[in-house]
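Listed here are the chains, written in short residue letters.
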Amino acid sequence: MRNQLFFMQPFTPDARIFQVLFQSIFLIYGTVYLEWAQRSWLYAVYIATAIITQLICEAWLRKHIAKPWEARWWKLTLPGLPSALITAMGLCLFLQTNHTTIAIAAAMLGITAKYFIRIRGKHIFNPSALGIVAAVWLTGEAWVNPGQWGNGFVQFSGALILGIIVVTRVQKLDISLAFLFTYIAASFIRQVLYLQWPSDFFYQSVSTGTLLVFSFFMISDPKTTPDHPIARIIWGIMVGLLGFWLHSFEYINGAPVLALVLLQPFVPLFDMICRSSRFQWNRLPVQHVHAHIHH
Amino acid sequence: MKKILMAGILVSCSTSLFAFCGFYVSKASGTLSNKTSQVILARDGRKTVVTMYNDFKGNIRDFAMVIPVPVLLQKKDIRVVEPGIFQRLNDYSSPRLVEYYDVNPCMPRVYEKDDLMSVQESVVMKSPKAAPTARGYGVTIEAQYLVGEYDILILGAKESSGLQRWLSDNGYKIPESAEEVLEPYIKSNLKFFVAKVNPKQATALNNGFLRPIQISFASEKFILPIRLGMANADGDQDLVIYGLTRRGRIECTNYRNIDIPSDRNIPLFVKKNFGAFYSNLFQHQWNNEGRNLAFLEYAWDITPINPMKCDPCVGNPPTQQELLTAGAWWLKQADWSDYSDPDMDLPDGNNQTFFTRMHVRYNRNDFPQDLAFQVTPNRNHYQARYIVTHPANGDLSCDEGRTYLRELKARRKKELRQLLSLTGTNMHNWQKDLLSSDAARHEPEIAYAHVADELKNETETEGQGAGMMAWVSALMIGSAGFLRWKGMI
């Protein structure tokens, strides 16, 4: 079942590299074409902090196995770095702040939570989503703007296609689509069928780049979603409904990210009820690395 | 060359700023235009104070307007303010032209000049009186007030067709496309704020000038209903939004926000026609960026105790009293009209005030949704600022002078290029303008006209350069492919 979807396996060993690549494309598109230039200094902060924090955490975790000055340590640590980059990219794409300290804190929190907030060897919170939520709703000095992407069709289709490729490669398209369909259907029912807005009103609210980038690059993270296929679909629908409710009735910007973080504590519950095999990023050569992290 | 700031010059970017975000309904037949609106949005916590500029032209008895509002407004939530506040905010935050003077390198001199300051204050409140009534159609008149010169009705409706019939039966002329817009508002539980001029009160007004209406309410929604305003407008409408908050900038959450290009050096001759330059620039940027977006034109911390409210100042910064007039209720230690609602954010002595000016050009196709906003903690200053530089005068025959003239020529070329890229016009047009206008017979224009000739030639050769580049890269890729095919690389 799992191997059927891994048809591209021979070409690349790790789908996370692709994910970082696509996120970078979106970031460059946003910075250059959509003129987010004023916050580009944050990118360096996020990336550097995420990587350094990850290295420190790895060093601490493996202190009995290998030391950072040994080649073996690096052999164990380097394969995990794309995860840190994905986290940093997620922050770059969503989180705006004028304070370097908040940027650093958000990235640090996301990464450390990945190592230290764990249940049965699986981390609970999506690192970038946690960083965003903490920075926006706890400090009040950072913000998320869902309007930053505009509504260009090109990015709509671009995000869709690129996103599908990434997610397919790690066989997690189910959760993205469950979320996206729920959110879009709920928006359609409320906006078009109930409130009777014209259809372009509805299109404007669902074609935003923020929603698509969230669906394909944030909620799709296989490490922080339930393992069982049915549980995954249900959980995706829950995030979609909560996100829709927070957005439409509580007028919260960046509602899907908040919904994701609020619902992630329920993932272990789903895993307890429906047992299934654990996802591994890169099963063949790196499996023992994760075994170390998990225990 | 050393430059010294001389003075800030205000040139109003839009000569006629009027109307607002609701829509005019005409009692008599006739076309009422509302092409440019100005709105002040003061927001903190859940409370919003909206002030709508009223520049209605025509018989004031024909004036009527409808604005969707999220809650049932009480009489104390509605007041009338003096129109001067809009002029003040507009003057203060308009895109600005600043002038620099080159110093003669052979004979250095310094110029300096300052702006004058003046203070103007105004707050007016009026008391209500009985207003006319009507019933039926699934429409309920939930409240009626007389505020200033306006008779105000707050309507609640069950269905849009009833509301529409009620309005037309009561002599209001409603645009045909309004019903599609009214229905979603009714379903969202919005109330309709209907204002028209009370004839008795209106006669007491000096020169028949209607004053802006200010409403305040508490709601999570921070939106500006522009859709209704599109009902009777043809083409593009401009909206200038002055945001006042305690935290920082406001920004649009359902459309893209970008900063209008700023801090650009432009040719000296633009000074004479800065208003036209800016409207060209705005139109070009708007088209270029895909139309469905909001431009930031100004952002500044105008907390009353902040000593530097602009740099350079083109209009006097609003005083504390003016900000209060504009709706920034938190600046007053006691609340401005006795709110007993516990949800209301009462002033707590923190009188931070941040000012944002946004400019939106909207139309039905590019803006399917009302504008939604959020207050961000972003307190970075921003201003739309354009720079012209006067050349040095006098004898420039010394060595430095000759170097200066060479540099001046290069700089003028750069300025012309900047002008072209900002306004999207082409060199041929500008050159024609430069040489044809009678006013252009001054030294700077002629100087620029000469440079323009060279620039035109350069841009043509640049075009050829790009073509060459394309050919060379095609050739390289082709040969690489060939070599690969032959197995040589």
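The sections below set out a description of the structure shown in this document. (Residues numbered from 1 in each chain as written. Chains lettered and ligands numbered in written order. Predicted model: local features only at pLDDT ≥ 70, side-chain atom pairs only at ≥ 80, totals over all residues. Heavy atoms only, no water.)

## Considerations on the overall build of chain A
1) Next: Per the secondary structure count, chain A includes 15 helices and four strands.
2) Next: In chain A, the proportion of contacts linking residues at least 24 apart, taken out of those at least 6 apart, comes to 80%.
3) Next: Surface exposure of chain A reaches about 12400 Å², of which carbon and sulfur atoms provide 74%. (Helix = DSSP H or I, 4+ residues; strand = E, 2+ residues; numbered from the N terminus. Contact = heavy atoms within 4.5 Å. Areas by Shrake-Rupley, 256 points an atom, 1.4 Å probe, with all protein chains shown as cover.)

## A look at the interface of chain A and chain B
How big an interface is tends to be stated in terms of accessible area lost as the parts join.
1) Next: Contact with chain A, which involves 27 residues of that partner, is made by 30 residues of chain B.
2) Next: Roughly 2500 Å² of surface becomes buried between chain A and chain B when both sides are summed, with 47% attributable to carbon and sulfur atoms.
3) Next: Interface area lost by chain A to chain B is led by Trp-143, Trp-197 and Gln-204 of chain A, which between them contribute 23%.
4) Next: On the surface where chain A and chain B come into contact, there are one salt bridge.
5) Next: Put simply, Arg-364 of chain B and Asp-200 of chain A hold a salt bridge, and the shortest N to O gap is 2.8 Å.
6) Next: Where chain A touches chain B, the interface holds 15 residue pairs in polar contact (both at pLDDT 80 or more).
7) Next: Counting only elements with at least two residues in the side of chain A that touches chain B, the list comes to β4 (142-144) and α10 (199-206) of chain A.
8) Next: Of the residues that constitute the side of chain A that touches chain B, the class distribution is 13 nonpolar, 11 polar and three charged. (Buried area = accessible area lost by both parts, 1.4 Å probe. Salt bridge = Lys/Arg side-chain N within 4 Å of Asp/Glu carboxyl O. Polar contact = N/O pair within 3.5 Å; in protein donor to acceptor, adjacent residues only side chain to side chain. Nonpolar A, V, L, I, M, F, W, Y, C, P; charged D, E, K, R; others polar.)

## Topic: the side chain of Thr-225 of chain A
Residues and elements named next belong to chain A.
1) Next: Its location among the elements puts Thr-225 in the loop between α11 (209-217) and α12 (229-249).
2) Next: A distance of 3.0 Å separates the side chain of Thr-225 from the side chain of Arg-232, its partner in a polar contact.
3) Next: Those residues within four positions of Thr-225 in sequence are excluded, and the remaining contacts are Lys-122, Ile-175, Ile-219, Arg-232, Trp-235 and Val-267.

## Considerations on the packing of helix α7 (residues 127-139) of chain A against helix α13 (residues 255-263) of chain A
All names here are of chain A.
1) Next: Their axes nearest at 9 Å, the elements α7 and α13 cross at an angle of 110 degrees. When the axis of α7 is compared with that of α13, the two are roughly perpendicular. The two elements α7 and α13 meet at a crossing, and its hand is left-handed. Each of Ala-129, Leu-130, Ile-132, Val-133 and Trp-137 in α7 lies in contact with α13, whose residues at this interface are Val-257, Leu-258, Leu-260 and Val-261.
2) Next: Residues belonging to the contact of α7 with α13 are distributed by class as follows: nine nonpolar, no polar and no charged. (Axes fitted to C-alpha atoms, helices over the stretch in contact; angles between N-to-C directions. Parallel < 35°, antiparallel > 145°, perpendicular 65-115°, else oblique. Left-handed = near helix turned anticlockwise from the far one by under 90°.)

## Overview of the packing of helix α9 (residues 173-194) of chain A against α10 of chain A
Residues and elements named next belong to chain A.
1) Next: Taken N-terminus to C-terminus, the directions of α9 and α10 make an angle of 150 degrees; their axes are 10 Å apart at the nearest point. The angle between α9 and α10 places the two elements in the roughly antiparallel class. Crossing of α9 over α10 shows right-handed handedness. Between α9 and α10, the contacting residues are Ile-184, Ser-187, Phe-188, Gln-191 and Val-192 on the first element and Phe-201, Phe-202, Ser-205 and Val-206 on the second.
2) Next: Taken together, the residues that form the contact of α9 with α10 break down as six nonpolar, three polar and no charged.

## Concerning the nonpolar core
1) Next: Residues Tyr-46, Phe-94, Leu-95, Ile-132, Phe-214, Trp-235 and Val-239 of chain A are the most contacted members of the largest nonpolar core, which totals 71 residues.
2) Next: By residue number, the principal contributor to this core is helix α5 (residues 81-94) of chain A, which donates eight residues.
3) Next: Non-local contacts of Phe-94 of chain A, meaning those with residues more than four positions away in its chain, are made with Arg-39, Ile-132, Trp-143, Val-144, Thr-210, Val-213, Phe-214, Met-218 and Val-257 of chain A.
4) Next: Counting 44 residues, the second-largest nonpolar core is a separate cluster that includes Ile-60, Ile-67, Ala-143 and Ala-202 of chain B. (Core = buried A, V, L, I, M, F, W, Y, C linked by side-chain atoms within 4.5 Å. Buried < 20%, exposed > 50% of the residue type's maximum accessible area, 1.4 Å probe, protein only.)

## With respect to unusual backbone geometry
1) Next: One non-glycine residue, Glu-35 of chain A, adopts positive backbone phi at about 60 degrees.
2) Next: For Glu-35 of chain A, the position within the fold is in the loop between α2 (15-33) and α3 (40-61).

## Digging into the sheet that holds strand β12 (residues 223-224) of chain B
All names here are of chain B.
1) Next: Here we have three strands laid out as an open sheet, ordered β12-β19-β14, and antiparallel in their pairing. Across the chains shown, the open sheet's two edge strands, defined by having one partner strand only, are β12 and β14 (250-252).
2) Next: Of the pairings in the sheet, the one linking β14 to strand β19 (residues 371-375) comprises three bridges and is antiparallel in character. Paired with Glu-251 across the strands is Gln-374, a residue of β19. (Pairing = 2+ DSSP bridges.)

## Here's the deal with the pairing of strand β9 (residues 150-157) of chain B
Residues and elements named next belong to chain B.
1) Next: Counting buried positions along β9 gives eight out of eight residues, so the element sits mostly inside the fold.
2) Next: Where strand β8 (residues 139-147) lies against β9, eight bridges are found, and the strand directions are antiparallel. Each residue of the ladder has a partner; that of Val-147, found in β9, is Tyr-150.
3) Next: Connecting β8 to the antiparallel partner β9 that follows it, the hairpin turn spans two residues, and Gly-148 within it adopts a positive phi of roughly 60 degrees.
4) Next: In this sheet, strand β10 (residues 191-197) lies alongside β9 in antiparallel orientation, the contact comprising six bridges. By the bridge assignment for β10, Ile-152 is matched with Ala-195.

## Brief notes about the pattern of salt bridges
1) Next: A complete count under the given rule lists 23 salt bridges over all chains for this structure.
2) Next: Two residues, Asp-271 of chain A and Lys-122 of chain A, come together in a salt bridge whose shortest N-O distance is 2.7 Å. With Asp-271 of chain A in helix α14 (residues 267-273) and Lys-122 of chain A in strand β3 (residues 122-123), the pair connects residues that are 149 residues apart, well separated along the chain.
3) Next: Accessibility expressed as a relative area gives 4% for Asp-271 of chain A, which makes it buried.
4) Next: The shortest N-O distance in the salt bridge between Glu-183 of chain B and Lys-187 of chain B comes to 3.3 Å. Of the two residues, Glu-183 of chain B and Lys-187 of chain B are both situated in helix α3 (residues 178-187); the distance of four residues between them amounts to about one turn of the helix.
5) Next: Residue Lys-187 of chain B is classed as partly exposed on the basis of its relative accessible area, which comes to 23%.
6) Next: A network of salt bridges, in which partner residues are shared, links Lys-122, Asp-227 and Asp-271 of chain A.

## What to know about the environment of Lys-414 of chain B
Residue and element names in this part refer to chain B.
1) Next: Within the secondary structure, Lys-414 sits in helix α7 (residues 399-423).
2) Next: The exposure class of Lys-414 is exposed, given its relative accessible area of 63%.
3) Next: Distance from Lys-414 to Val-451, taken between C-alpha atoms, is 9.7 Å for residues 37 residues apart in sequence.

## As for the environment of Cys-313 of chain B
Residue and element names in this part refer to chain B.
1) Next: Looking at the secondary structure, you find Cys-313 in the loop between β17 (293-301) and α6 (320-325).
2) Next: Residue classification places Cys-313 among the partly exposed residues on the basis of a relative accessible area of 24%.
3) Next: Residues Cys-313 and Tyr-92, spaced 221 residues apart in sequence, show a C-alpha to C-alpha distance of 7.0 Å.

## Quick notes on the pairing of strand β13 (residues 237-245) of chain B
All names here are of chain B.
1) Next: Buried residues dominate β13, accounting for nine of its nine residues.
2) Next: What you see with β13 is no split at all: Gln-237, Leu-239, Ile-241, Gly-243 and Thr-245 on one side and Asp-238, Val-240, Tyr-242 and Leu-244 on the other are buried throughout.
3) Next: Bridge analysis of strand β3 (residues 36-44) against β13 gives eight bridges, and the strand direction is parallel. Bridge pairing in β13 places Val-39 opposite Ile-241.
4) Next: The pairing of β13 with strand β18 (residues 354-362) spans nine bridges and is antiparallel.

## Quick notes on helix α1 (residues 84-93) of chain B
1) Next: The element α1 of chain B is largely enclosed, with a buried count of seven among its 10 residues.
2) Next: Residues of α1 of chain B that are buried: Ile-85, Phe-86, Arg-88, Leu-89, Asn-90, Tyr-92 and Ser-93 of chain B.

## Focus: the side chain of Gln-214 of chain B
Residues and elements named next belong to chain B.
1) Next: With respect to the helices and strands, the residue Gln-214 is situated in strand β11 (residues 213-218).
2) Next: Of note is the side chain of Gln-214, whose polar atom sits 2.7 Å from the side chain of Thr-51.
3) Next: At 2.9 Å, the side chain of Gln-214 forms a polar contact with the backbone oxygen of Thr-325.

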